[in-house]
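What follows is each chain in one-letter form.
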There are 2 protein chains.
Amino acid sequence: MTPDLLTLPQGYSFAAHACGIKPQGALDLALVFSEIPCAAAALFTQNRYAAAPVQYDRQLLSLNPTGVQAVLINSGNANAITGSMGLAATRRSAEAVEAVFGLAPWSTLVMSTGVIGVPLPVERIERAVPALHQSLQADAEALERAARAIMTTDTRPKVVSVQGQVAGVEVTVAGMAKGAGMIHPNMATMLAVLVSDVAATPHALHQALTQAVNVSFNRISVDGDTSTNDTVTLLANGLAGNPVLTEPDDAGFREFTALLQRACVPLAQDIVRDGEGATRFVTVEVTGLADDDQAHRLANAIAVSPLVKTAIYGGDANWGRILAAAGNSGVAFDPAAAALWISGGESAAKMLPLLQIVDGGAPLPYSEEEASRRFAQPELLIRLQMGDGPGRATMWTCDLSHDYVTINGEYRT
Amino acid sequence: MTPDLLTLPQGYSFAAHACGIKPQGALDLALVFSEIPCAAAALFTQNRYAAAPVQYDRQLLSLNPTGVQAVLINSGNANAITGSMGLAATRRSAEAVEAVFGLAPWSTLVMSTGVIGVPLPVERIERAVPALHQSLQADAEALERAARAIMTTDTRPKVVSVQGQVAGVEVTVAGMAKGAGMIHPNMATMLAVLVSDVAATPHALHQALTQAVNVSFNRISVDGDTSTNDTVTLLANGLAGNPVLTEPDDAGFREFTALLQRACVPLAQDIVRDGEGATRFVTVEVTGLADDDQAHRLANAIAVSPLVKTAIYGGDANWGRILAAAGNSGVAFDPAAAALWISGGESAAKMLPLLQIVDGGAPLPYSEEEASRRFAQPELLIRLQMGDGPGRATMWTCDLSHDYVTINGEYRT
């Protein structure tokens, strides 16, 4: 999305700064600010090594879920596996924001991304907070600069904005995300901040966010690794003036969840498209299993298989690896009932006709040339029907390339 | 092991031939032959797409587990996901061996490895069986030629021979294996054939094989993918003359299982050392968890993590990824109780002193230079103590290199 197409919800502003965590003056500090206190919700990594900012934010939301006014994000250092020093550093950075911006205690969420196990140079963050304060702007350019400041191996900023009706009132959701590596669906994946002018309680926000994340950020995989820092936060300042959403039964709750999903899906897909070393965007659609969870597990086995991902990188229509990965998923199905189609194209809107490769669990006499033509496209569709059950799932993933190995073999050096 | 060091058990001979499944006259057909019928046991892939030879062998062992005299193995074509035609092709190739060698029906096990989903050119195998018959030899060179004929992306043949006492009688176990890609512990992984002169029932062989495989082939990972064809077979012709092993309680059963394990561990490690694109051999030792299964799951999460494996490829002592992978394993542990040591060296016998990196879940002020020196070695040891429980496990894995991507991006072309 280009900045001139981005509408921002009322009451939010953004800032970015280069505080010296990253080398060579790159932007590495971002702030999201609301002029009034917000209801907030967040989803966090399931990794047992939750980073210091994840631990801090969990505590903050249990203490003050309706009084959040800022989100401070640094890149270049994950502040993970840094012990009690790490937690103290997170607290100091939040308190620096609260002091400079004149906010109440426990009003600043903190997010970090970057290398694991290195002490956070918190004094560089503290020194930069006044500059963040001075450069706050309530426009799309500022949001995009903030999105740039949270990047690690991402090659481009990822921002979004959507509008829609919630109980008859126009509501906006805008946000940003970063991804690139250690990306795998397990609750919230990677960092994302979403802001809205909707009026809602923290409980309702949490419900809506969970539903939206389950069909967006939890349906992507770059490399099967779940980070120590994954966080998706959602702030809602209520300035849209809709009747406050409190429960999933409320008028407007489903509309807001759908709106949130419209914001999360393109951000999640952007993360895959910009996955480390990714050259191809792959949609895996699975139908016909006992339930959606089984379908998701089977789609996931395909999405994380190094053999499937390297074949796609090579443009090799090596479909046997797709079914072999399905066979490894641990999901029960009749191998003789499987059907497989593939397609490819320049974009989701420009796909070649579906080519059926397998029927009844055995290969059809398909044209190898037609299969290769599809596997050579930048966007690939893999559609599997594994029986006649009602379970279905869609996942998005990317290929595994030489550049992925290069990027991750040299990350710290 | 060099051929001149290999002692063969009595009564077995081996042959290899180039039958034209692989291009350019490469060896692609191997035969293991016993002069008398053998008791046999095998462990197979858990992939739901079990290849035709896996289905055939399962049926054969249920019908005739004491009358096996031959194992026919082809490389270059997995005969997997090939439908009923594939099963018919496996049966025809077994019957060709039985006709030419004058064997009883259901006496020939079949194994296949190579590309998935391509019809097996069974007539080429049938035409080559007389040549296999003529070239049978009972020596180590023939075993090594057979080991060469079952290779796919392996760069070298893998053979083994061990001797030991079983209930006071000298017993020999020899064998061969192939691996390289689609290697991941899940029951029998890859292809291996073991032959012994021990006297044992199929039941006892199956028990011994299961125990030995659980601490060898089931403890390795190259890429986390489990093939459709993985099989480990064990033949026993009884010529050593020991009292027949029938139950795990029998005198000699534990000795034989230990002997089998001594054969399986180096073959399994050879598979990892020769993993597709592997430049480093990595041992992951985990202790201190609730039980061995939990320790195995945690070691496995580290062994399959692309981020850990690419960091090792790059020689980057990025230990944070090791603990992050442990945190993703789904295993319960206290993050603040973890300790991590690393070492490296030219071989298991020549390792640098252990360097402790983490204690109490937080980094120690270790020397980055000393850490990098260890990560730059061809053999790497990662030792994690995750608490004070009795559970422990060791796994062997390799790094993830540019060559892995190259090999698997171009496999079929």
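This structure is a prediction, so every number in the text was calculated from the model and none was measured. (Residues numbered from 1 in each chain as written. Chains lettered and ligands numbered in written order. Predicted model: local features only at pLDDT ≥ 70, side-chain atom pairs only at ≥ 80, totals over all residues. Heavy atoms only, no water.)

A. The arrangement of the interface of chain A and chain B in detail. Counting residues at the interface gives 52 residues for chain A and 52 residues for chain B. Buried surface at the junction of chain A and chain B, both sides included, amounts to about 4,400 Å², of which 56% is carbon and sulfur. Summed over the shared surface of chain A and chain B, the result is zero salt bridges. Looking at the side of chain A that touches chain B, the elements that each hand over two or more residues are α8 (306-313), α9 (320-327), β13 (362-363) and α11 (402-409) of chain A. Its residues placed into classes, the side of chain A that touches chain B shows 25 nonpolar, 20 polar and seven charged. (Contact = heavy atoms within 4.5 Å. Buried area = accessible area lost by both parts, 1.4 Å probe. Salt bridge = Lys/Arg side-chain N within 4 Å of Asp/Glu carboxyl O. Helix = DSSP H or I, 4+ residues; strand = E, 2+ residues; numbered from the N terminus. Nonpolar A, V, L, I, M, F, W, Y, C, P; charged D, E, K, R; others polar.)

B. Seen up close, the relation of the copies chain A and chain B. Screw-axis analysis of chain A against chain B gives a translation of 0.0 Å along the axis, an RMSD of 0.0 Å, and a rotation angle of 180°. On this basis, the relationship between the two copies can be described by a two-fold rotation axis. Proximity to the rotation axis, assessed at the C-alpha, singles out A:His402 in chain A; its C-alpha lies 2.7 Å from the axis. (Least-squares fit on C-alpha atoms with pLDDT ≥ 70 in both.)

C. Layout of helix α11 (residues 402-409) of chain B. Residue and element names in this part refer to chain B. Those residues of α11 not exposed but buried are Tyr404, Val405, Asn408 and Gly409. Looking straight down α11, one finds its buried side chains confined to an arc of 120°; they lie on one side. Sitting at the head of α11, Ser401 places a side-chain oxygen 3.2 Å from the backbone nitrogen of Asp403. (Buried < 20%, exposed > 50% of the residue type's maximum accessible area, 1.4 Å probe, protein only. Arc of directions from axis to C-beta. Polar contact = N/O pair within 3.5 Å; in protein donor to acceptor, adjacent residues only side chain to side chain.)

D. Quick peek at the domain arrangement of chain A. All names here are of chain A. Partitioning chain A into domains gives domain 1 (3-273) and domain 2 (281-409). Between the C-alpha centres of domain 1 and domain 2 there is a distance of 32 Å. Listed per partner, the contact involves 16 residues of domain 1 and 14 residues of domain 2. In total, domain 1 and domain 2 occlude about 1,200 Å² of area from one another, counting both sides; carbon and sulfur atoms represent 61% of this. Here domain 1 is connected to domain 2 by one salt bridge. Here Arg273 makes a salt bridge to Glu379, at a shortest N to O gap of 2.2 Å. Linking domain 1 with domain 2 are three residue pairs in polar contact (both at pLDDT 80 or more), by the criterion used here. No other element matches helix α6 (residues 253-273), which puts four residues into the side of domain 1 that touches domain 2. (Domains from an automatic or database assignment.)

E. Representation of the packing of aromatic side chains in the model. With the rule as written, the count across this model stands at six aromatic pairs over all chains. Pairing A:Phe33 with A:Phe101 gives two aromatic rings, centres 5.3 Å apart and planes at 40°, and the pair type is tilted. One end of the pair, A:Phe33, is in strand β2 (residues 29-44); the other, A:Phe101, is in helix α2 (residues 83-101), with 68 residues separating them in the sequence. We note that A:Phe33, like A:Phe101, is buried. Judged by centre distance (5.7 Å) and plane angle (45°), the ring pair of A:Tyr49 and B:Phe333 falls under tilted. (Phe/Tyr/Trp six-rings, centres within 6.5 Å; stacked < 30°, edge-to-face > 60°.)

F. Looking closely at the pairing of strand β2 (residues 29-44) of chain B. All names here are of chain B. Summarising burial for β2: 13 of the 16 residues are buried, a large majority. Pairing of strand β1 (residues 12-17) with β2 involves six bridges; the strand directions are antiparallel. Looking at the pairing, Ala16 lines up with Ala30 of β2. In this sheet, strand β3 (residues 68-77) lies alongside β2 in antiparallel orientation, the contact comprising six bridges. (Pairing = 2+ DSSP bridges.)

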